[in-house]
Amino acid sequence: LMHLTRKLIEIRSMLLSIDQSDALKLPSIVVIGSQSSGKSSVLEAIVGHEFLPKGNNMVTRRPIELTLIHTPSTGGKDPEEYGEFPALGLGKISDFSQIQKTLTDLNLAVPASEAVSNEPIDLRIYSPRVPDLTLIDLPGYIQIASLDQPETLKDKIASLCERYIREPNIILAVCAADVDLANSPALRASRKVDPLGLRTIGVITKMDLVPPEQGATILTGNRYPLHLGYVGVVCKTSGKKGRKENTQDVVLRGEHDYFGAHKELFGASTAVMVGTDTLRKRLMEVLESSMASSLHGITNAVQLELEEAQYQFKVQYNDRRITAESYVAETVDALKARFKEFTSQFRKPQIRAKLKEMLDEKVMDVLEQLYWSDKRAPELNALAADPKVKPEEVEPYWRYKLDAASSLLTKSGVGRDSTLLVADGLRTLIDSIASGEPFTFHPRAAERLIEFSHMILRDRIGVASDQVENCIKPYKYEVEVDEREWEIGRTQAVQLFEREVTLCEDKLKDIRKRVGGSRRLNGLVGYVKELEAREKEKTQRRLANPAAEDVDDAVEDYRYPPAQIIDARHAMLYSDRLAILKLRLIALKSKRCRAGPENDLLCPEAFLNVVADKLAYTSTMFINIELLDQFFYQFPREIDSRLLYDLDRREIIEFARENPVVRRHLDLQERKDKLEEVMKQLNSLATLRPEVSQATPRR
Ligand code: GDP
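Residues numbered from 1 in each chain as written. Predicted model: local features only at pLDDT ≥ 70, side-chain atom pairs only at ≥ 80, totals over all residues. Heavy atoms only, no water.

### Thoughts on the site of the ligand
So, point 1. Within the structure, the ligand sits among 14 residues, and Ser 36, Ser 40, Ser 41, Asp 208 and Cys 235 are positioned closest to it.
So, point 2. With respect to the ligand, the side chain of Ser 41 contributes an N or O atom lying 2.6 Å from an oxygen atom.
So, point 3. Grouping the amino acids of the shell around the ligand by side-chain chemistry returns three nonpolar, seven polar and four charged. (Near = heavy atom within 4 Å. Polar contact = N/O pair within 3.5 Å; in protein donor to acceptor, adjacent residues only side chain to side chain. Nonpolar A, V, L, I, M, F, W, Y, C, P; charged D, E, K, R; others polar.)

Structure representation (structure tokens):
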């Protein structure tokens, strides 16, 4: 018989973890009573320990789902008594004052503004002295809210209790003997949902506070009949308890004394029920029979739910099972595959091309700085066009120029710039992986991914850029160029210039369109030149005669809007650049330039291009060794060690559940599994059912 209740209590808590709807609920005993009716004292007498929060200011603010689990003695030795809060994961607590403290904390954590919360606290107590029972302790009914409590508190408590005293639960209505039953809020609430008193047990506390005859009369239940009867108790413990004494023993002794003194009213020969021991037995009987009679209904309900869950699992997931672990493993594999796929962008030719592009820009800057701003630049064209001039006859001026240009390029910080360029490419790659699915669901993992990839990069950048700088060092002194390299460099320079020509022409076209045609642009340019000439003249005048006052500080006339004047200035710059580019293209395509590297002084563009090529080649080689290889080696290993595999079981589940698709799948799967388990347990009970006896009604 014991076995059945025990099993059903297990099933009940499994059902509670499946869902909180009433459909899947096995009965429990719900304890209600007004404040100070002695509710806590009764519960503590049943458990045998003081463990409920004490204090006069509404200490129970949340329902406490109390599951008592009887642990049998083995070999004459009592097993340890302890409590557990399954939701908190604190483990076994054998110090009941610690349980009391935890309960107090959990209750006080409910904000004062809310005062009561619907969310139950799950507490299990294992002891050889308790029966298998489930009890729900609810906040006590209050008559008048005190000043610091919200107005609606009374209603809130009432509606919370109302939810719990619904079918199929059993109501334990606690009333004090010294308060008229007519005024008992517990009985009043119970009558509302159970008018015939079929599932209500009355507990009359503080029997010692009324004359025994009066107490006995209450217990007969003639005034407010309850099918399950009344039990009278005396639970006063304060002051009588020895340090190590069990509350149960203290109460039992007190009750023995009190009821023993009035045998004629409360003795075995009478029909009334008295004592917490009787109460305990009564509760067991009632719960058991109530659970047994719920069995059929609950079995049907679970069967229905299970069929629905199985059907959904089949339809939605084709019965495919997943685990949080398998999701984590898949995510890691996908991440690595994705990374590998992306790394193809970082092969040597791609890197070389990127670096060359960066160096091309540097070459352009150097040319602009050293050649195009030089008034003698056109001389180079003349030299290139003159077949009579031998290479060794070219003025040393141009030798210095070329050496300066070459060293400006080689000493421009190529090591650092090229390393950073590649590192930045890697960073962008990781960022794009981290901001895509499935990492959109896993922001913390994405953050970690970015964090450790940046860390690897930071670690390598310094070494790599020093290494590159070191390896290009020879080029800072001398660059040897052979015929083949020269021709490649020259061709590239031509291409580069042609691209630049197109670029300048496009810009000019844009400006022309913006200001309203070429005539308008010509007008603008003429005007700007005029302005510039005037400005120049003024400066000269001032230089010639610094003391003189500016006579005609020509008032700027606003013939054109300022934006157009800026456009005109830009147009002039582009035209100048175009003119030079075109001129230089002629030189680059000339016979002299084609002839070979001995004409380097006349074709600095081709020469610098060769230098840029060599720099790009060498840099790529060392960046590959010092940065890319290292990164590609370390990154997948960091994924393993830092991203996911150091998660514990709980974190793995948390991670998987961050993905809503996975969460839904896991939820349904879990629901189905639990229902299957419950169904199995319920079926195994079928064999026990004939033993079940109905609790007999007491008058
Ligand atoms: P709760 O607010 O309903 O939980 O009530 P408590 O269990 O805290 O009891 C309120 C007060 O009544 C406490 O001071 C208890 O010591 C006292 N009390 C509880 N049961 C009895 C009893 O059977 N007899 C007497 N005389 N006092 C009791």
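### Quick word on the confidence of the model for the chain
So, point 1. Taken as a whole, the chain shows an average pLDDT of 87; of its residues, 92% reach a score of 70 or greater.
So, point 2. Predicted confidence for residues 690-699 stays below pLDDT 50, and this span has 21 contacts to residues more than four positions away or in other chains.
So, point 3. At the level of chain-chain contacts, confidence expressed as ipTM amounts to 0.97, with global pTM at 0.65. (pLDDT = per-residue confidence, 0-100. Contact = heavy atoms within 4.5 Å.)

### Digging into the packing of aromatic side chains
So, point 1. With the rule as written, the count across this model stands at 16 aromatic pairs.
So, point 2. Centroid distance Trp 372 to Phe 497: 5.9 Å. Interplanar angle 85°. Geometry classified as edge-to-face. With a gap of 125 residues between them, Trp 372 in helix H11 (residues 348-372) and Phe 497 in helix H17 (residues 483-515) connect regions that are remote in the sequence. In this pair, the class of Trp 372 matches that of Phe 497, namely buried.
So, point 3. Grouping aromatic residues by their ring pairs yields a cluster made of Phe 339, Phe 346, Phe 452, Phe 631, Phe 632 and Phe 635.
So, point 4. Across the ring face of Tyr 397, the terminal group of Arg 376 is positioned such that the distance to the ring centre comes to 4.3 Å. (Phe/Tyr/Trp six-rings, centres within 6.5 Å; stacked < 30°, edge-to-face > 60°. Helix = DSSP H or I, 4+ residues; strand = E, 2+ residues; numbered from the N terminus. Buried < 20%, exposed > 50% of the residue type's maximum accessible area, 1.4 Å probe, protein only. Lys NZ or Arg CZ within 6 Å of the ring centre and 35° of its normal.)

### Comments concerning the sheet that holds strand E9 (residues 273-274)
So, point 1. In space, the nine strands of this open sheet follow the order E3-E4-E2-E5-E1-E6-E7-E8-E9, with mixed pairing throughout. The sheet is open, and its two borders are formed by strand E3 (82-84) and E9, each paired with just one other strand.
So, point 2. Pairing of E3 with strand E4 (residues 121-127), which is carried by three bridges, proceeds in the antiparallel orientation. Within E4, the position partnered with Glu 84 by the bridge is Arg 124. (Pairing = 2+ DSSP bridges.)

### Section: the environment of Gly 523
So, point 1. Its location among the elements puts Gly 523 in helix H18 (residues 518-544).
So, point 2. Take Gly 523: its relative accessible area is 30%, and that puts it in the partly exposed class.
So, point 3. For the pair Gly 523 and Tyr 560, spaced 37 residues apart in sequence, the C-alpha separation works out to 9.9 Å.

### Some points on the nonpolar core
So, point 1. Core analysis: the biggest nonpolar cluster contains 98 residues, and Tyr 371, Leu 449, Phe 497 and Phe 635 have the highest contact counts within it.
So, point 2. Here the element with the most residues in this core is helix H21 (residues 604-644); it accounts for 15 residues.
So, point 3. Residue contacts for Phe 497: discarding those within four places in its chain leaves Met 364, Leu 367, Trp 372, Leu 581, Arg 584, Leu 585, Leu 588 and Glu 605.
So, point 4. Grouped together as the second largest cluster of nonpolar side chains are 63 residues, Leu 4, Ile 9, Leu 66 and Met 291 included. (Core = buried A, V, L, I, M, F, W, Y, C linked by side-chain atoms within 4.5 Å.)

### What about unusual backbone geometry?
So, point 1. Here the residue pair Glu 167 and Pro 168 is connected by a cis peptide bond, since its omega of 0° sits within 30 degrees of zero.
So, point 2. Mapped onto the elements of the fold, Pro 168 is located in the loop between helix H4 (153-164) and strand E6 (170-176).
So, point 3. That bond from Glu 437 to Pro 438 is cis: its omega, 0°, falls within 30 degrees of zero.
So, point 4. Relative to the helices and strands, Pro 438 is located in the loop between helix H14 (414-434) and helix H15 (443-471).
So, point 5. Phi at Asn 318 takes a positive value of approximately 50°, unusual for a residue other than glycine.
So, point 6. Looking at Asn 318, the relative accessible area reads 56%, which means it is exposed.
So, point 7. Of note, the phi angle at Asp 319 is positive, near 60°, even though the residue is not glycine.
So, point 8. When you line up the elements, Asp 319 lands in the loop between helix H9 (276-317) and helix H10 (324-343).
So, point 9. According to the relative accessible area criterion, Asp 319 is partly exposed, its value standing at 39%.

### Structural notes on H14
So, point 1. Counted at 1.5 Å a residue, the expected span for H14 with its 21 residues is 30 Å, and the 30 Å between its end C-alpha atoms agrees.
So, point 2. Every buried residue of H14 is accounted for by Val 414, Gly 415, Ser 418, Thr 419, Val 422, Ala 423, Leu 426, Leu 429, Ile 430, Ile 433 and Ala 434. (Expected span 1.5 Å × (residues − 1).)

### Thoughts on the pattern of salt bridges
Opposite charge on two side chains lets them pair, provided their charged atoms get close.
So, point 1. Inspection of the entire model under this criterion finds 48 salt bridges.
So, point 2. A salt bridge links Asp 132 to Arg 6; its shortest N-O distance comes to 3.2 Å. Taken together, the residues span a long stretch of sequence, with Asp 132 in the loop between E4 and strand E5 (133-137) and Arg 6 in helix H1 (residues 2-18) at a distance of 126 residues.
So, point 3. With its nearest N and O atoms 2.6 Å apart, the salt bridge here joins Asp 673 to Arg 321. Of the two residues, Asp 673 is situated in helix H23 (residues 660-685) and Arg 321 in the loop between H9 and H10; the sequence distance between them amounts to 352 residues.
So, point 4. Residue classification places Asp 673 among the partly exposed positions, given a relative accessible area of 26%.
So, point 5. Exposure remark for Arg 321: the relative accessible area of 47% places this residue in the partly exposed category. (Salt bridge = Lys/Arg side-chain N within 4 Å of Asp/Glu carboxyl O.)

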